[in-house]
Amino acid sequence: MGHAGTLISAVLFLFRQKWRTSINRFAEAMTIFAVMCALVFPGIHVGRVWMAYYMFPLPNQMSMWPNFKSPLIWDIFAVSTYATVSILFWFVGLIPDLATLRDRAKTKIRKTVYGALALGWRGANRHWQHYERAYMILAALSTPLVLSVHSVVSFDFATSVLPGWHTTIFPPYFVAGAVFSGFAMVMTLMLLTRAVYGVKSIVTMQHLELMNKIMLVTGSLVGYAYAIEFFIAFYSGNEYEQWVFMKNRATGPFAWAYWTMISCNVISPQLFWSKKLRTSIPVMFVVSILINIGMWFERFVIIATSLFRDFIPGSWGYFRPTYVDIATYAGTLGLFFTLFLLFLRWIPMIAVAEVKGVLPEADPHYHPEGSHDDHAHAPAAALAGGE
Amino acid sequence: MTEAKTASLAPSAKNADGPSVRLQGKNPWLNAWKIALGVGILGVGISIGAGAMGGEHSALHERFAFSYLFAFQVTLSIALGSVFFILIQHLSSAGWSVTVRRTAEFLASGLVVMAVLFIPVWLCKGTLYPWWNAENAPAEHHASNEVVGTTTLTSHQTHGDDQVKEPEHGEHAGQGEHAGHHGDHAEGAVKHDHATGHDPNDEALEAEEHHLLAKKRWWLNHDFFNGRAVLYFLVWAFLGWTLYKRSVDQDKAKDFKTTNFLKAFSTIGTILFALSLTFAGVDWIMSLQPMWFSTIFGVYLFAGSFVAALATIILVTLGLRKSGVLLKEITVEHYHDLGKLMFGFNVFWAYIAFSQMMLIWYAGLPEETPFYHIRWFTDEVHHKASGWQTVSLALLGLHFAAPFVFLISRNIKRRLQLLGVGAALILTMHIVDIYWLIFPNLRERFEVSLLWLDIAALIGVASLYFAFVLHRMTKNALIPIGDPRLARALTFENA
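Keep in mind the model is a prediction, meaning the values are calculated, not measured. (Residues numbered from 1 in each chain as written. Chains lettered and ligands numbered in written order. Predicted model: local features only at pLDDT ≥ 70, side-chain atom pairs only at ≥ 80, totals over all residues. Heavy atoms only, no water.)

It is not clear to me how the overall build of chain B should be interpreted in this structure. Could you clarify?
Each helix and strand counted, chain B has 20 helices and zero strands in total. Buried residues in chain B amount to 59% of all 495 residues. Across chain B, every contact between residues at least 6 apart in sequence was considered, and the portion connecting residues at least 24 apart equals 80%. Surface accessibility of chain B: about 19,100 Å² in total, with carbon and sulfur atoms responsible for 67%. (Helix = DSSP H or I, 4+ residues; strand = E, 2+ residues; numbered from the N terminus. Buried < 20%, exposed > 50% of the residue type's maximum accessible area, 1.4 Å probe, protein only. Contact = heavy atoms within 4.5 Å. Areas by Shrake-Rupley, 256 points an atom, 1.4 Å probe, with all protein chains shown as cover.)

Now the structure itself:
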């Protein structure tokens, strides 16, 4: 889920897709909260939460070090780097807006807090120059992170020799899947927020449609990966691969999970081929929820269906979540939404300064109403993502 | 340039047609296609001649088959990469790239000749693909008579007879003729044991490979292979020609309908493109080593092709620019953007290459590692570094690291000559990449002294393709003068 943030912030920024301005703050916030939830888990996985510092290579009297050959430790570095850069990126983008909040604050506490966070921003020309440069550099730094984080997450699986886990397409496939599910989550939250807070004139149908198109593309990329995995399982002639894909996934005890995944991730976004459907709020809301479900099932299918039938037939079984599994999952959802609602409460959910910059009125040659020369329409064209 | 009288720096879209966008008068590019045609016929002629001279089971014939496949794949990758460039511009309704797009369209139009250029590959399929003639052969037969070393199916059988003549080398014939691949006597002695065919491990492996191949027959069989090849060429000719033809027709029609059509076409086009490129890669490159497989391979080929196409587009437009055309239509802003794309996708190529290598190396599965073994070691027993190790490292250093450091600077991407150097380096390394994908499959039978044949084939095939492309250039405007988004491209500036 945490992936749409960097994609929208960094990649779309570098591709001059100005329509991103109305959703980037939102997506970045979602990214940071999702990463926070994710970072809870290594702590749990260590087994003794109070020993969580063992994950880091800290010199200690026992000379105990993490296993640097393990993808799990790479994961710690990848995700924490990603979290750091995402927070920096988010915060730098926030500075002009925090200054606006400071200027409009009515209570002393708000003035002090927003004032401290705005870092003395006065909107001077020099400030903007530095700001633009810093933003550009952070965007360039974030772009490789879009690839690295989920590639490393995929290494957790793919470096093993487990059929269904070890396959070379995993890194780009995980990246595409992460962007896909990230966009779906942004869409779900955005539609709700848009309805509640009435920002329909800022987050327009055009934005939603473009997001739906991205979901169509990334959903199809994920579909390509599913297909190639299946194809290679049969092309390779490897009976273990074939067993996992045919007997454990497509048919077998978890077929229901597998086909839920396929239907939600590959088939449901195909509805967006139709302009009518991809501009329909109810349709896109349902599809975005389906994709969230489908991407949850993707991880479930990858993990459960490669493990529930072990190499030893004696240890075959059927995965049933315990109350601990369910409570842990519910807990992360709770953490995520708590943080997210606090964000909506305290921080501008739309990048005010950036949206101002792409409004038609921001153009020096803007002539209100009735004028039809080319210049007046240029920003509108830019908003349309044409450029 | 006729618009020089107007104050505007960029030519206006309304009068875009003119001598600055057409090859006219004494422009040297007008006759380039004739030269390319001549060179192409000569190059392909020489290589086919060399291949025919040796006779069907000769080393020369075998080398010709690989050389030609290599030349074909390099050319194909540039044409397919250009198709993707066009598709993505239509899909994103890109304005900046309109003037550049025509060059890609010329390159894509060349896909219609690729089917003809494929014929020699098809004729040599039995030499190239170990599985082709191994069809239905009983495993025992191979294990006792023709098998040498640890990789029979992945090695080649045409040399099985020679093996008997030179048992003291314990390796395939032809290998003794050149230095550099030989171990010392002790190593030769060890190999001798392998060569006698009595090693039970070898026989077991052999039987296993035949067992596996039998399971791969549903894909690797004659009829399906041929049918798929026909399908790929139909799809590619359809894609390349539609994208080219509809665009040049728009030069006259100047309608928006074509633009809308091409956008809709590009959706289906992208799907067809992705599937055909992936499966053609499996058929023609992956199956050179039939036991090997990798799910990321299609993505790897795609990344390489797209980078190579971007480099080619940069080099071709720079070449046209030298002759005095496209001076104001394709400006430093466009080159800068092309440079950024090339830089970005070159990093993407490296990322895909790394992912594949990393996962195969880490897991160390016997089905997968031979791909890297034959690109690193002389043989699978002694793990002595071979010349391919240098090539593998060169890909890391010169395909990824050097262009990365060189092209990361905005300054360099905006200096056309330096950008040209970067593009030339990347294109060269892409050629090396394809070479590296194909030739290690010859194993010990690879002879450095036959490099001239590879070069002749590459120059020949690429020239024939470019003869067609360059001829298209003489017939049409060099930018899409009827595209409704042309004005945006002409006045485009990097933010």
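This is not the end of the story, as more comes after the structure.
I tried to follow the overall build of chain A on my own but got confused; where do I start?
A tally of regular secondary structure across chain A gives 14 helices and zero strands. Helices and strands appear in chain A in the N-to-C order α-α-α-α-α-α-α-α-α-α-α-α-α-α. On C-alpha atoms alone, chain A measures out to a radius of gyration of 23 Å, which is about the 21 Å that the 2.2 N^0.38 rule sets for 387 residues. The principal-axis extents of the C-alpha atoms in chain A amount to approximately 75 × 60 × 35 Å. Every one of the 387 residues in chain A was classed for burial, and the buried ones make up 50%. Considering only intrachain contacts with a sequence separation of at least 6, the fraction spanning at least 24 residues in chain A is 73%. By element, 70% of the accessible surface of chain A is carried by carbon and sulfur atoms, the whole surface being about 18,500 Å². (Rg over C-alpha atoms; globule rule 2.2 N^0.38 Å.)

Looking at this structure, how should I read helix H10 (residues 200–216) of chain B?
Residue and element names in this part refer to chain B. Along its 17 residues, H10 runs 24 Å from first to last C-alpha, staying within 8% of the 24 Å computed at 1.5 Å per residue. Within H10, burial applies to Asp 202, Glu 206, Glu 209, His 210, Leu 212, Leu 213 and Lys 216. The buried side chains of H10 occupy one side of the element, clustering within an arc of 160 degrees when seen end-on. More than 90 degrees from the buried face of H10, the exposed residues found are Pro 200, Asn 201 and Ala 214. (Expected span 1.5 Å × (residues − 1). Arc of directions from axis to C-beta.)

In this structure, what is going on with the packing of helix H7 (residues 205–235) of chain A against helix H11 (residues 281–307) of chain A? I would like to understand it.
When two helices pack together, their arrangement is captured by the angle between the axes and the distance separating the axes. All names here are of chain A. The geometry of H7 relative to H11 is characterised by a closest axis approach of 12 Å and an angle of 30 degrees between their N-to-C directions. As H7 runs across H11, the sense of the crossing is left-handed. Residues Met 205, Leu 208, Asn 212, Met 215, Val 222 and Tyr 226 of H7 form the contact with H11, whose participating residues are Ile 281, Met 284, Ile 291 and Glu 298. Across the contact of H7 with H11, the residue classes tally to eight nonpolar, one polar and one charged. (Axes fitted to C-alpha atoms, helices over the stretch in contact; angles between N-to-C directions. Left-handed = near helix turned anticlockwise from the far one by under 90°. Nonpolar A, V, L, I, M, F, W, Y, C, P; charged D, E, K, R; others polar.)

Looking at this model, I keep getting lost on a nonpolar patch on the surface. Mind explaining?
A contiguous nonpolar patch, built from Tyr 53, Tyr 54, Phe 56, Leu 58, Met 62 and Met 64 of chain A and spanning about 560 Å² of accessible area, is present on the exposed surface. The partly exposed category is assigned to Leu 58 of chain A, whose relative accessible area is 41%. (Patch = residues over 30% accessible without salt bridge, like charges linked within 9 Å, V, L, I, M, F, W, Y side chains within 5 Å. Salt bridge = Lys/Arg side-chain N within 4 Å of Asp/Glu carboxyl O.)

Whenever I open this one, the packing of helix H12 (residues 256–284) of chain B against helix H13 (residues 297–322) of chain B confuses me. Can you help?
All names here are of chain B. Direction vectors running N to C along H12 and H13 enclose 110 degrees, while the axes themselves pass 8 Å from each other. Classified by the angle between their axes, H12 and H13 sit roughly perpendicular to one another. When H12 is examined against H13, the residues Phe 273, Leu 277, Thr 278 and Gly 281 are found in contact with a partner set consisting of Phe 297, Gly 298, Leu 301, Phe 302 and Ser 305. A breakdown of the residues in the contact of H12 with H13 according to their chemical character gives five nonpolar, four polar and no charged. (Parallel < 35°, antiparallel > 145°, perpendicular 65-115°, else oblique.)

How should I be thinking about the pattern of salt bridges in this particular structure?
Should the charged atoms of two oppositely charged side chains come close, the side chains can pair. A complete count under the given rule lists 15 salt bridges over all chains for this structure. Between Glu 209 of chain A and Lys 275 of chain A there is a salt bridge, and its shortest N-O distance comes to 3.3 Å. With Glu 209 of chain A in helix H7 and Lys 275 of chain A in helix H10 (residues 275–278), the pair connects residues that are 66 residues apart, well separated along the chain. Exposure remark for Glu 209 of chain A: the relative accessible area of 10% places this residue in the buried category. Glu 105 of chain B serves as the salt-bridge partner of Arg 102 of chain B, at 2.8 Å between the closest nitrogen and oxygen. In this pair, Arg 102 of chain B and Glu 105 of chain B both sit in helix H3 (residues 98–109), three residues apart, roughly one turn of the helix. In this structure Arg 102 of chain B comes out as buried when scored by relative accessible area, which is 0%. The class of Glu 105 of chain B is buried, set by a relative accessible area of 0%. One network of salt bridges, in which partners are shared, links Arg 101, Arg 102, Glu 105, Asp 251 and Asp 483 of chain B.

I'm lost on the interface of chain A and chain B in this one. Help?
Interfaces are often sized by the accessible area lost when the parts come together. With 36 residues of chain A in contact, the opposing surface of chain B contributes 48 residues. Interface area for chain A against chain B, summed over the two sides, is near 3,300 Å², with a carbon-plus-sulfur share of 68%. The three residues of chain A that bury the most area against chain B are Arg 16, Thr 168 and Tyr 235 of chain A, which together make up 23% of that side's buried surface. If you look at where chain A meets chain B, you find one salt bridge. As a salt-bridge pair, Glu 239 of chain A and Lys 215 of chain B come within 3.4 Å of each other at their nearest N and O atoms. At the junction of chain A with chain B, the criterion picks out 15 residue pairs in polar contact (both at pLDDT 80 or more). Mapped onto the side of chain A that touches chain B, the elements with two or more residues apiece are helix H3 (71–104), helix H5 (125–158), helix H6 (170–197) and H7 of chain A. Counting residues per element, the side of chain A that touches chain B draws most heavily on H7 of chain A, at eight residues. A breakdown of the residues in the side of chain A that touches chain B according to their chemical character gives 18 nonpolar, twelve polar and six charged. (Buried area = accessible area lost by both parts, 1.4 Å probe. Polar contact = N/O pair within 3.5 Å; in protein donor to acceptor, adjacent residues only side chain to side chain.)

It is not clear to me how helix H2 (residues 59–91) of chain B should be interpreted in this structure. Could you clarify?
Along an α-helix, residues three or four apart share an orientation, since each turn contains 3.6 residues. All names here are of chain B. Along its 33 residues, H2 runs 47 Å from first to last C-alpha, staying within 8% of the 48 Å computed at 1.5 Å per residue. A large share of H2 lies buried, amounting to 30 of its 33 residues. Positive phi appears at Ser 93, one or two residues downstream of H2, with a value of about 50 degrees.

Looking at this model, I keep getting lost on the side chain of Ser 20 of chain B. Mind explaining?
Residue and element names in this part refer to chain B. Positionally, Ser 20 belongs in the segment before helix H1 (32–53). With relative accessibility at 4%, the residue Ser 20 sits in the buried group. Side-chain polar atoms of Ser 20 contact the side chain of Glu 329, separated by 2.8 Å.

What should I look at first to understand the packing of aromatic side chains in this one?
The relation between two aromatic rings is expressed through the spacing of the ring centres and the mutual angle of the planes. Residues and elements named next belong to chain A. Under the criterion given, the structure shown has 97 aromatic pairs over all chains. Pairing Phe 230 with Tyr 258 gives two aromatic rings, centres 6.4 Å apart and planes at 50 degrees, and the pair type is tilted. Of the two residues, Phe 230 sits in helix H7 while Tyr 258 sits in helix H9 (residues 255–267), which places them 28 residues apart along the sequence. With relative accessibility at 21%, the residue Phe 230 sits in the partly exposed group. Among the residues examined, Tyr 258 registers a relative accessible area of 5% and is labelled buried. (Phe/Tyr/Trp six-rings, centres within 6.5 Å; stacked < 30°, edge-to-face > 60°.)

Would you mind going over the domain arrangement of chain A with me for this structure?
Residue and element names in this part refer to chain A. Entries for chain A in the domain assignment read domain 1 (1–159 + 324–359) and domain 2 (162–319). Distance from the C-alpha centre of domain 1 to the C-alpha centre of domain 2: 24 Å. Listed by partner, the interface residues are 30 residues for domain 1 and 30 residues for domain 2. Buried area between domain 1 and domain 2, summed over both chains or domains, comes out near 2,700 Å², and the portion from carbon and sulfur atoms is 84%. Counting the surface domain 1 buries against domain 2, the share from its top three residues, Trp 19, Phe 26 and Phe 157, is 24%. Contributing elements (two or more residues each) for the side of domain 1 that touches domain 2: helix H1 (3–14), helix H2 (24–45), H5 and helix H12 (323–346). The leading source of residues in the side of domain 1 that touches domain 2 is H5, at nine residues. (Domains from an automatic or database assignment.)

Just checking my understanding: could you explain empty space enclosed by the protein for this structure?
One way to see where empty space is left: roll a probe the size of a water molecule over the atoms. Residues and elements named next belong to chain B. In total, this model carries twelve cavities of 30 Å³ or more according to the counting rule given. If you add up the space inside the second largest cavity, you get close to 140 Å³. In terms of lining, the second largest cavity is formed by 18 residues, of which the most central are Gln 73, Ser 77, Ile 285, Leu 301 and Ser 305. Looking at the lining of the second largest cavity, its residues break down into eleven nonpolar, six polar and one charged. (1 Å grid on protein atoms, 1.4 Å probe; cavity = no way out; pocket = protein on both sides within 12 Å on 5 of 7 lines; lining within 4 Å. Points joined across faces, edges and corners; volume = space filled by probe spheres on them.)

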